[in-house]
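# Results of the structural survey
What follows is each chain in one-letter form.
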Amino acid sequence: MASPPEHRAAGDGPSAGGTGRELEPIAGDAPLTRQERKQRTRAALLEAALSQLESRSFGAISLREVSREAGITPTAFYRHFESMEELGLVLVDESFTSLRGMIRAARAEVQAPGDDIRASAATLIRHVGTHTSHYRFISRERSGGIASLRSAIAQEIESFSNELAGDLRKYPVIGELDRPALEMVASLIVTVMVATAERLLDAPPDAEAQIHRRTEDQMRVIVLGAIQWHHA
């Protein structure tokens, strides 16, 4: 996968000078295996990228900056990612994989009708709070920047919507809608979730409860509207 030109500075390629060292074990820790060192360095690169992305777009950060913050040489970067673009795609995958897992777990614990909306809204808000850097990255990159990241984010949102449409099939009445109608309802709910995440990023702490209530209300309006539409 080719790296965008702005991400490959002179001397950043595999033939650049330097030892290409990996992160060393912390003093006092048990010796790490080669695979453990590799995993730790990969995680450090992802964290370094997220740190750089707190205030800048993905296209504005460089491989050299990310490598330096992670504590490795640019040469070592290529042992983990083919390019900065690949690193960005991994960040997209990580963001949505963890959210889907939490939403599934929340729905599995639903005990009464209507609790699924409350559980989904609460889970989303909690997830944004613990993965703010990921959501800031997704929010910024889904409408600008590098085309491959925009496309990956759009595909993840569509996949999330399709999964939700399948879940809606299990519910009385609304599950009787045809597939296009279910997909439309799911898409509207996901749109609300995306908007909620973006509102939370820069909202003051005392606004969280209001955003939570608004998200639940919007989801209920969509579901109730779909039910009425089905009866009509």
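Since we're looking at a predicted model, the values are computed, not measured.

## Some thoughts on the packing of helix α1 (residues 34–52) against helix α2 (residues 63–70)
Remark: α1 packs on α2, axes separated minimally by 8 Å, with the N-to-C direction vectors making an angle of 115 degrees. α2 is crossed by α1, and the crossing has right-handed handedness. Where α1 approaches α2, its residues Ala44, Leu45, Ala48, Ala49, Ser51 and Gln52 are matched on the opposing element by Glu65, Val66, Ser67, Glu69 and Ala70. Class assignment for the residues of the contact of α1 with α2 results in 6 nonpolar, 3 polar and 2 charged.

## Re the environment of glutamate 85
Take glutamate 85: it is sitting in helix α4 (residues 84–108). We classify glutamate 85 as buried; its relative accessible area is 12%. Sequence spacing of glutamate 85 and phenylalanine 58 is 27 residues, and the spatial spacing of their C-alpha atoms is 9.0 Å.

## Notes on unusual backbone geometry
One non-glycine residue, valine 173, lies in positive phi territory at about 65 degrees. Position of valine 173 relative to the elements: it lies in the loop between α7 (147–168) and α8 (179–201).

## Description of the packing of aromatic side chains
Evaluated as defined, the whole model comprises 3 aromatic pairs. Arranged with centres 5.7 Å apart and planes meeting at 45 degrees, the rings of phenylalanine 77 and phenylalanine 81 form a pair that is tilted. Phenylalanine 81 carries the same exposure label as phenylalanine 77, and that label is buried. Taken together, the aromatic side chains of Phe77, Tyr78 and Phe81 make up a single cluster linked through ring pairs.

## Things to note about helix α5 (residues 115–130)
Side chains that are three or four residues apart share a direction in an α-helix, a result of its 3.6 residues per turn. Here α5 is 16 residues long and its end C-alpha atoms lie 22 Å apart, about the 22 Å a rise of 1.5 Å per residue gives. All buried positions along α5 are accounted for by Asp116, Ile117, Ala119, Ser120, Ala121, Thr123, Leu124, Ile125, His127 and Val128.

## Examining a nonpolar patch on the surface
A grouping of Met184, Leu188 and Trp229 is seen on the molecular surface, where their side chains present a nonpolar patch of about 310 Å² in accessible area. Along the chain, the position of methionine 184 falls in helix α8. Looking at methionine 184, the relative accessible area reads 39%, which means it is partly exposed.

## Remarks on the confidence of the model for the protein chain
When the pLDDT values of the protein chain are averaged, the result is 83; 84% of them are 70 or greater. Residue range residues 1–20 is modelled with pLDDT below 50. Its contacts to residues more than four positions away, or to other chains, number 47 contacts.

Conventions we followed
- Residues numbered from 1 in each chain as written.
- Predicted model: local features only at pLDDT ≥ 70, side-chain atom pairs only at ≥ 80, totals over all residues.
- Heavy atoms only, no water.
- Axes fitted to C-alpha atoms, helices over the stretch in contact; angles between N-to-C directions.
- Helix = DSSP H or I, 4+ residues; strand = E, 2+ residues; numbered from the N terminus.
- Left-handed = near helix turned anticlockwise from the far one by under 90°.
- Contact = heavy atoms within 4.5 Å.
- Nonpolar A, V, L, I, M, F, W, Y, C, P; charged D, E, K, R; others polar.
- Buried < 20%, exposed > 50% of the residue type's maximum accessible area, 1.4 Å probe, protein only.
- Phe/Tyr/Trp six-rings, centres within 6.5 Å; stacked < 30°, edge-to-face > 60°.
- Expected span 1.5 Å × (residues − 1).
- Patch = residues over 30% accessible without salt bridge, like charges linked within 9 Å, V, L, I, M, F, W, Y side chains within 5 Å.
- Areas by Shrake-Rupley, 256 points an atom, 1.4 Å probe, with all protein chains shown as cover.
- Salt bridge = Lys/Arg side-chain N within 4 Å of Asp/Glu carboxyl O.
- pLDDT = per-residue confidence, 0-100.

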